[in-house]
Amino acid sequence: MARRYLRAVSAVATVGLLAALATACGGDDGSAARATARAYVAAWTRGDDAKAARLTDSPEQARTTLTEAREGLSVTTVAARLGTVATPKDGRTVAPLQVRLHLRGLGEWGYSTELRLHQTGDGDNKKWVVAWSPAVVHPDLTAATRLSRSRELPPRAPVLGGDGKPLMAEHPVVEIGIEPRRLTDPKRAYAELARLEVDTTALAARVAAARPDHFVTVITLRREDFARSERRLRAVPGLLFRDGSRTLAPSPTFARAVLGAVRPATKESLAKAGPLATAADEVGASGLQQAFQEQLAGTPSGEVRLVQRSDGTVAKVLHAFVGKAGTPVRTTLDRRTQQAAETALAKAKAPAALVAVRPSTGEVLAAANAPADNAYNRAFLGRYPPGSTFKVVSATALLRSGMKADQPVACPKSVTVEGKKFSNYDDLGALGTVPFAKDFAMSCNTAFIGATRSLPRDALSKAAAAYGVGQQWDLGVGAFSGSVPTAASAVEQAADTIGQGKVLMSPLAMAVVAAGVASGKPRPPVLVTDDQAAAATAPPALDVAGTLRSLMVQTVRGGTARVLALPGAAVGGKTGTAEYGTDSPPRHRAWMVGFRGDLAFAVLVEDGESGSKTAGPIARAFLQAVT
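Report follows, based on the coordinates. (Residues numbered from 1 in each chain as written. Predicted model: local features only at pLDDT ≥ 70, side-chain atom pairs only at ≥ 80, totals over all residues. Heavy atoms only, no water.)

Examining the packing of helix α12 (residues 335–345) against helix α21 (residues 611–626)
- For the pair α12 and α21, the least separation of the axes is 8 Å and the interaxial angle reads 145 degrees. With respect to the hand of their crossing, α12 and α21 are arranged in right-handed fashion. Between α12, through Arg336, Thr337, Ala340, Ala341, Ala344 and Leu345, and α21, the contact on the second element is made entirely by Ile618, Ala621, Phe622, Ala625 and Val626.
- Residue composition of the contact of α12 with α21, grouped by class: 9 nonpolar, 1 polar and 1 charged. (Axes fitted to C-alpha atoms, helices over the stretch in contact; angles between N-to-C directions. Helix = DSSP H or I, 4+ residues; strand = E, 2+ residues; numbered from the N terminus. Left-handed = near helix turned anticlockwise from the far one by under 90°. Contact = heavy atoms within 4.5 Å. Nonpolar A, V, L, I, M, F, W, Y, C, P; charged D, E, K, R; others polar.)

Written out as structure tokens, the structure reads:
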């Protein structure tokens, strides 16, 4: 609506000004007065207070008042509709004015005022001007008052876990800063701050560039973390401390890449924070906190006030903005499962991820990343060749084509496809002609490549699609559901079959595949939910799920995933080792996927020895902690 006002006023003002120039001032029929009124409104609405002021009979006072009102209320846009300008009488006229101001961080405020105009000058020098008074800005404004505003944010709503309890909530913190003029022993101060892993070289440069009385922010610590160093820090001259609160997870690394963080607004985060956020706010900077910023933050309350210039007291509240509390975002994350995933992943010596999914619902129970202090969510967004874990999908295609678990399939040491040689990984060598179940358990590349030669080129793509690979998943945050394009050649199909080629998967996508096998009904993953069931409609059944479960259980009992053999409920698993890079021998990405009861998981380590030796122990530690 504001833009329509502005366009209408600007267009009409141009026409009016041209008409005014063509009108003799002595015999004014009102067109010149209308032109002045329209020109004033046009200048004010486009933010040109100086030009608007020049159309009044007190330009300096008008400009001061207009600018003061704009700044005091943090006006971002002005929209105004000029009513009918009355027929001039005795060189005077009046016009009603409907005004709508948009106040930064609060919203729109509308009211009515009026423009009074009169003629000045004599003869050919006559002209119409706005009779200036503060009431032109607002009818209650006088020379003794000014316009002011207040704004208050409601408490930020929490992010909840699957049990309905907060995973992220307001937590007491201490902000540590330096006042340069009080820093009498910089060497001691920087030595203490270095123990908190502060980049003291960069800090020293910021302190040197700051005003002597400025508060230079250093680091913000949880109150309990600050307490461990409080006595030493408070003894350092020049260090200052401010108590406050931040929206935080149970620990600094807990599901950080998924839950996200709340930070002082930056240009980038403010652009995504919604129309009522301001640069002075703390807003969601990543993850769910950013994706659901407006829901979690709610809306601010505030007032437009008429304030006495003499003592700053509020003379009148002209308008009240009623705020609204934020509403919680409920996730499916399980605190215990997430903690188990993070503890297990802490053993990784390279960037890694672990995702856990509940097969019966598709609910994401855990999503952990290593290094844990990195905001990149490789668990959801990573795009990696899945290696032999993809044989779960390849086996799906083969079983659907008529393959039986006990059907003999040759497993030679190597096989050549259109001149391209493929070999078995590590020291597997040749198994000979053995049941397909053993080929799966021992992860025989050549057996799978030989068996899939007779399949249509799109067989793997269709099998992957049965698990939801390639679909658009709505998790509230970004996620890669995988990509399995139709093979363009026999060589590409051979490579795709063993999880190399052009096949790409995320840890989340492979966890969803394992969950589909475990439940027999592949479901899209769910991260953000409500009190209703996560899945409203039952997905189609996977007709070969029973055989796949058996194959994966056998892989744990006597195959490459023996590291997952644990007492109690049966564990199903599949290892994967994907080559990458140009090194000789090549480097490997290590995978392990599997299930136990109503829990499915995927582990990826970006640089490891193999799925069984690198990802396997992490998966084992996770299962031991959570089941």
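Structural notes on the sheet that holds strand β5 (residues 145–152)
- The strand order β5-β12-β13 describes an open sheet built from 3 strands, whose pairing is antiparallel. Pairing within the sheet leaves two strands with one partner each, and these edge strands are β5 and β13 (314–321). Averaged over neighbouring strand pairs, the angle between their axes works out to 25 degrees when direction is ignored.
- As paired elements, β5 and strand β12 (residues 301–308) share 8 bridges and run antiparallel to each other. Residue pairing for β12: leucine 147 is matched across the bridge by leucine 306. (Pairing = 2+ DSSP bridges.)

Digging into the side chain of glutamate 192
- Checked against the element boundaries, glutamate 192 lands in helix α5 (residues 186–194).
- Judged by its relative accessible area of 13%, glutamate 192 falls in the buried class. (Buried < 20%, exposed > 50% of the residue type's maximum accessible area, 1.4 Å probe, protein only.)

Brief notes about the packing of aromatic side chains
- One pass over the full model with this rule turns up 7 aromatic pairs.
- Summarising the aromatic geometry, the rings of phenylalanine 436 and phenylalanine 448 are spaced 5.3 Å apart at their centres and angled 50 degrees between planes, so their arrangement reads as tilted. Of the two residues, phenylalanine 436 sits in helix α15 (residues 436–441) while phenylalanine 448 sits in helix α16 (residues 445–452), which places them 12 residues apart along the sequence. Accessibility classification places phenylalanine 436 together with phenylalanine 448 in one group, the buried group. (Phe/Tyr/Trp six-rings, centres within 6.5 Å; stacked < 30°, edge-to-face > 60°.)

What about the environment of alanine 277?
- Mapped onto the elements of the fold, alanine 277 is located in the loop between α9 (267–271) and β11 (282–284).
- For alanine 277, a relative accessible area of 14% translates into the label buried.
- With residues up to four places along the chain from it excluded, the contact list for alanine 277 reads Arg151, Leu270 and Val283.

Regarding the state of the cysteines
- A full pass over the atoms with the stated rule returns 1 disulfide.
- Here cysteine 411 is linked by a disulfide to cysteine 444, with a sulfur-sulfur distance of 2.0 Å. Torsion about the S-S bond of the cysteine 411 and cysteine 444 cystine: about 105 degrees, corresponding to right-handed handedness. One end of the pair, cysteine 411, is in strand β17 (residues 408–411); the other, cysteine 444, is in the loop between α15 and α16, with 33 residues separating them in the sequence.
- Residue class for cysteine 411 comes out buried when judged on its relative accessible area of 1%.
- On the accessibility criterion, cysteine 444 (0% relative accessible area) is buried. (Disulfide = S-S within 2.5 Å.)

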